[in-house]
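# Structure assessment
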Amino acid sequence: MSLTISKLLKALIGVSPQQATSFSEGNTPAWKQLETAVLAAIEGYHATLDDHRLEVLVPRLNTIDLEVRGYAYEGAAMGLTGLDCMMPWKNRLQEYLDGAGGAHTYMVHIGVGEALARLRRKPEPFLKRLDPVLRWLAMDGYGFHEGFFKQRRYIEGQTIPAHLSPYARRIFDQGIGRAIWFLNGANVDRIVDKIVAFPPARQADLWCGIGVGCAYGGGVERAGIERLQAAAGQYAPQLALGAAVVAKGRQRAGNPTPHSDLACEVLCGTSSEVAAHAVDVAFQNLPIDGPEPAYAVLQQRLFDRFAGVGRQKEVVQ
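Below you will find a few notes about this structure. Only a predicted model underlies this, so the values are computations on that prediction, with no experimental measurement involved.

This model, assessed by the stated rule, comprises 11 aromatic pairs. Centroid distance Tyr-142 to Phe-172: 6.2 Å. Interplanar angle 55°. Geometry classified as tilted. With a gap of 30 residues between them, Tyr-142 in helix H9 (residues 137–149) and Phe-172 in helix H11 (residues 166–183) connect regions that are remote in the sequence. Just as Tyr-142 is buried, Phe-172 falls in that class too. Put simply, the rings of Phe-23, Trp-31, Tyr-71, Phe-144, Phe-148, Phe-149, Phe-182 and Tyr-216 pair up and form one aromatic cluster. When the ring centre of Phe-149 is taken as origin, the NZ or CZ atom of Arg-118, which lies over that ring, is 5.0 Å away. Over the face of the ring belonging to Tyr-216 we find Arg-250, whose NZ or CZ atom lies 3.8 Å from the ring centre.

Here's what the structure looks like:
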């Protein structure tokens, strides 16, 4: 890709590091950890706008620190999806998924949704191009982007895009939950205050997103995770299923981290390996063409698997 085209693309759909990290409030370990994750995603995104050829892009992504490399692959998926939307004569995203991006398929699907939000495209028509189960993670990415970059509207104002189907709204809220984790610097008290301000009907999915943010993004120690689980109360299984999906995603990508292992240990009550296996089991014989989206069945199975987690623990005041 020529330097001129790359500059034009960055001007049209780029995200400056300053804009992306404007949420950060300080130099504490939690803020810096989350900031590093966001910067890795932006690096992957801009790498794609520089040169989307996989033989150039993938080696560049693989130079990024293993712990946050998944974010770089997510950002690259965002860039490839944007290019596919603007230059639809080539399916760059599918080529990516068929190659190195396949190991990071969870993060890639999230990046797709972020791109669609960035381009202000309705996401659901795009879903049919994606994996029949994981396609709904694009709605998670869509929700994360809107919550992260448009906090006043979607978190403070609690707006739901009118064009989304009822199930898409649920996964949108899971992305909003993850955005809340980042925007509040993994601060448990602030996060809980944000969640409980939403209508009760939306809180289960928000807590699921918090589980993903905690397990993948990290930023909090064991005591904080335990307080988070206690505060979730009846929604502790949602935290657990979010963490389990993260465990599977990291296992598939080969990028395990201690903070993800710790989150599974607390939120799932088991190791990340066992949590990842629970996801494998939940995938078995999924009804792809049933009355419910396959991803809804998957999450319900995981909810049932972790339904008893946290019930025996005392609430930390």
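Before going further, it helps to examine the side chain of Gln-299. Tracing the backbone through its elements, the reader meets Gln-299 in helix H18 (residues 294–305). Note on Gln-299: relative accessible area 8%, which makes it buried. Within the structure, Gln-299 has its side chain in polar contact with the side chain of Gln-174 (distance 3.0 Å). Gln-299 has contacts with Tyr-167, Ile-171, Gln-174, Cys-208 and Leu-241, leaving out every residue within four places of it along the chain.

Time to look at the packing of helix H12 (residues 188–196) against helix H14 (residues 222–232). When two helices pack together, their arrangement is captured by the angle between the axes and the distance separating the axes. Taken N-terminus to C-terminus, the directions of H12 and H14 make an angle of 20°; their axes are 10 Å apart at the nearest point. In terms of axis orientation, H12 runs roughly parallel to H14. Regarding H12 and H14, the two cross each other, and that crossing is right-handed. Side by side, H12 and H14 meet where Val-188, Asp-189 and Val-192 of the first sit next to Gly-224, Arg-227, Leu-228 and Ala-231 of the second. The residue makeup of the contact of H12 with H14, split by class, is 4 nonpolar, 1 polar and 2 charged.

Let us look at the pattern of salt bridges. Taken as a whole, this structure holds 13 salt bridges when the rule is applied. A salt bridge links Arg-190 to Glu-25; the nearest nitrogen and oxygen atoms lie 3.0 Å apart. Highlighted residues: Arg-190 in helix H12 and Glu-25 in the loop between helix H2 (17–20) and helix H3 (29–50), separated in sequence by 165 residues. The class of Arg-190 is partly exposed, set by a relative accessible area of 30%. A salt bridge links Lys-32 to Glu-35, with the nearest nitrogen and oxygen atoms 3.2 Å apart. One end of the pair, Lys-32, and the other, Glu-35, are both in helix H3, 3 residues apart, so they sit about a helical turn from each other. The partly exposed category is assigned to Lys-32, whose relative accessible area is 33%. Assessed through its relative accessible area of 15%, Glu-35 is described here as buried.

What counts, and where the lines are drawn
Residues numbered from 1 in each chain as written. Predicted model: local features only at pLDDT ≥ 70, side-chain atom pairs only at ≥ 80, totals over all residues. Heavy atoms only, no water. Phe/Tyr/Trp six-rings, centres within 6.5 Å; stacked < 30°, edge-to-face > 60°. Helix = DSSP H or I, 4+ residues; strand = E, 2+ residues; numbered from the N terminus. Buried < 20%, exposed > 50% of the residue type's maximum accessible area, 1.4 Å probe, protein only. Lys NZ or Arg CZ within 6 Å of the ring centre and 35° of its normal. Polar contact = N/O pair within 3.5 Å; in protein donor to acceptor, adjacent residues only side chain to side chain. Contact = heavy atoms within 4.5 Å. Axes fitted to C-alpha atoms, helices over the stretch in contact; angles between N-to-C directions. Parallel < 35°, antiparallel > 145°, perpendicular 65-115°, else oblique. Left-handed = near helix turned anticlockwise from the far one by under 90°. Nonpolar A, V, L, I, M, F, W, Y, C, P; charged D, E, K, R; others polar. Salt bridge = Lys/Arg side-chain N within 4 Å of Asp/Glu carboxyl O.

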